[in-house]
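Structural overview
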Amino acid sequence: MDIEFRDVKDSYIRFVVSEANPQKINAIRRTLVSDVPKMSVNSVEFHLGPIMGEDGTEYESVTPLFDEIIAHRLGLVPLPTYLDEFNFRNECTCKGEGCPNCTVMYSLNKKGPCTVYSGDLEPLGSEKYRVKDEFIPIVKLGPKQAVLVYATAELGRGKQHAKFQAVQAPGYRYYPSVRFNYEKLDVEKFDTGCCPEGILEKRDSRIVVTDIEKCTLCKACVDAAPRGAVEVTGDETKFVMQFETDGSLTASQALIKSLEILEKGSSDLLEKLKAL
Ligand SMILES: [Zn+2]
């Protein structure tokens, strides 16, 4: 397989893979969704009873939402993930009790009236674990309402729970090819506006595709032309793939990790087969 990168941003990536097949590309897609690990809040401890303010005001540990809903919302907040620094909690030397090698603790301490945001999560430890998306609303507190919680984040995989899915909307399509048969096509009559992606142009009584990788193989141009005048095909050995991440990992980190997981899976299998 050969990869050419087209657009690489922190949380978005688009690339072209050649000398491949749909099975290989789909294996990458599935690994991205269900196997690439990320940190997420997995347990939340709520303080119960009155909370004293600094000025002596007494607040109730009450919010308009059930504790379960707040815990769920905290779980969905993307947390910065450093894959090299953490073990899975159940595989850690602490035997799952929770230690700095497998968990990150956060506290949340807010008094109403206010809106509690993801940015109010305070990491207990290094500032590098601070949430980057600061303005995800968690709950709105009324007067004399307060929330005090300790949240524990750990590594997990998308196949356990969607909150552990770092990659969103991974998709791929065959590399497109558009050919025009000028014996059947009247260039003057052909409406280039038929293409929803707007990549067709008339130049010197020919039709030109300005950016072939934007073609979605929708075949609107085939329908707009006489039968057999336009042919749109996809190359089954070459693919355009793209995906986004929720910010917990960069797109290139997620792609590298997915390839490492696939490589490890097949080398483990190979070793076992060799031992037979
Ligand atoms: Zn541990």
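Report follows, based on the coordinates. Bear in mind the structure is a predicted one, so any value in this text is a computation, not a measurement.

Some details on the nonpolar core
- With 42 residues, the main nonpolar core has Leu-32, Leu-74, Leu-79, Tyr-106, Val-116 and Phe-243 as its most contacted residues.
- Other than its neighbours up to four places away in sequence, Leu-74 contacts Val-41, Val-44, Leu-108, Leu-121, Ile-138 and Val-149.
- Listed in part, the 15 residues of the second largest apolar core include Phe-180, Leu-185, Val-187 and Ala-229.

A few points about the packing of aromatic side chains
- Counted according to the given criterion, the structure contains seven aromatic pairs.
- Ring centres of Tyr-172 and Phe-239 lie 6.0 Å apart, and the angle between their planes is 80°; this geometry places the pair in the edge-to-face category. Separated by 67 residues along the polypeptide, Tyr-172 in strand β11 (residues 167–180) and Phe-239 in strand β14 (residues 230–245) bring together distant segments of the chain.
- For Tyr-172, a relative accessible area of 29% gives the class partly exposed.
- Between Tyr-174 and Phe-239 the ring centres are 5.5 Å apart and the planes differ by 50°, which places this aromatic pair in the tilted class. Placement of the pair is Tyr-174 in strand β11 and Phe-239 in strand β14, with a sequence separation of 65 residues.
- The exposure class of Tyr-174 is partly exposed, given its relative accessible area of 30%.
- An aromatic cluster is defined as three or more aromatic residues linked by ring pairs; in this entry it consists of Tyr-82, Phe-86 and Tyr-129.
- Here the basic side chain of Arg-206 rests over the ring of Tyr-182, its NZ or CZ set 4.0 Å away from the ring centre.
- Geometry around Tyr-175 places Lys-238 over its ring, the cationic atom sitting 4.1 Å from the centre.

A closer look at the layout of surface pockets
- When its volume is computed, the largest pocket comes out at roughly 400 Å³.
- Lining the largest pocket are 16 residues, with Arg-157, Lys-257, Glu-260, Ile-261 and Lys-264 sitting closest to its centre.
- Sorting elements by how many residues they give to the lining of the largest pocket places helix α4 (residues 251–274) first, with eight residues.
- In terms of residue class, the lining of the largest pocket is built from seven nonpolar, three polar and six charged.
- The space that makes up the second largest pocket amounts to roughly 300 Å³.
- In this structure, the second largest pocket is lined by 17 residues; those nearest its centre are Thr-81, Ser-248, Leu-249, Thr-250 and Gln-253.
- Among the elements that line the lining of the second largest pocket, the one with the most residues is α4, at four residues.
- Here the residues of the lining of the second largest pocket sort into five nonpolar, seven polar and five charged.

With respect to unusual backbone geometry
- With an omega of 0°, the peptide bond running from Gly-112 to Pro-113 counts as cis.
- Along the polypeptide, Pro-113 turns up in the loop between β6 (103–111) and β7 (114–117).
- Its identity is not glycine, yet Lys-219 carries a phi of approximately 65°, on the positive side.
- Mapped onto the secondary structure, Lys-219 falls in the loop between β13 (206–209) and α3 (220–224).

About the cut-offs
- Residues numbered from 1 in each chain as written.
- Predicted model: local features only at pLDDT ≥ 70, side-chain atom pairs only at ≥ 80, totals over all residues.
- Heavy atoms only, no water.
- Core = buried A, V, L, I, M, F, W, Y, C linked by side-chain atoms within 4.5 Å.
- Buried < 20%, exposed > 50% of the residue type's maximum accessible area, 1.4 Å probe, protein only.
- Contact = heavy atoms within 4.5 Å.
- Phe/Tyr/Trp six-rings, centres within 6.5 Å; stacked < 30°, edge-to-face > 60°.
- Helix = DSSP H or I, 4+ residues; strand = E, 2+ residues; numbered from the N terminus.
- Lys NZ or Arg CZ within 6 Å of the ring centre and 35° of its normal.
- 1 Å grid on protein atoms, 1.4 Å probe; cavity = no way out; pocket = protein on both sides within 12 Å on 5 of 7 lines; lining within 4 Å.
- Points joined across faces, edges and corners; volume = space filled by probe spheres on them.
- Nonpolar A, V, L, I, M, F, W, Y, C, P; charged D, E, K, R; others polar.

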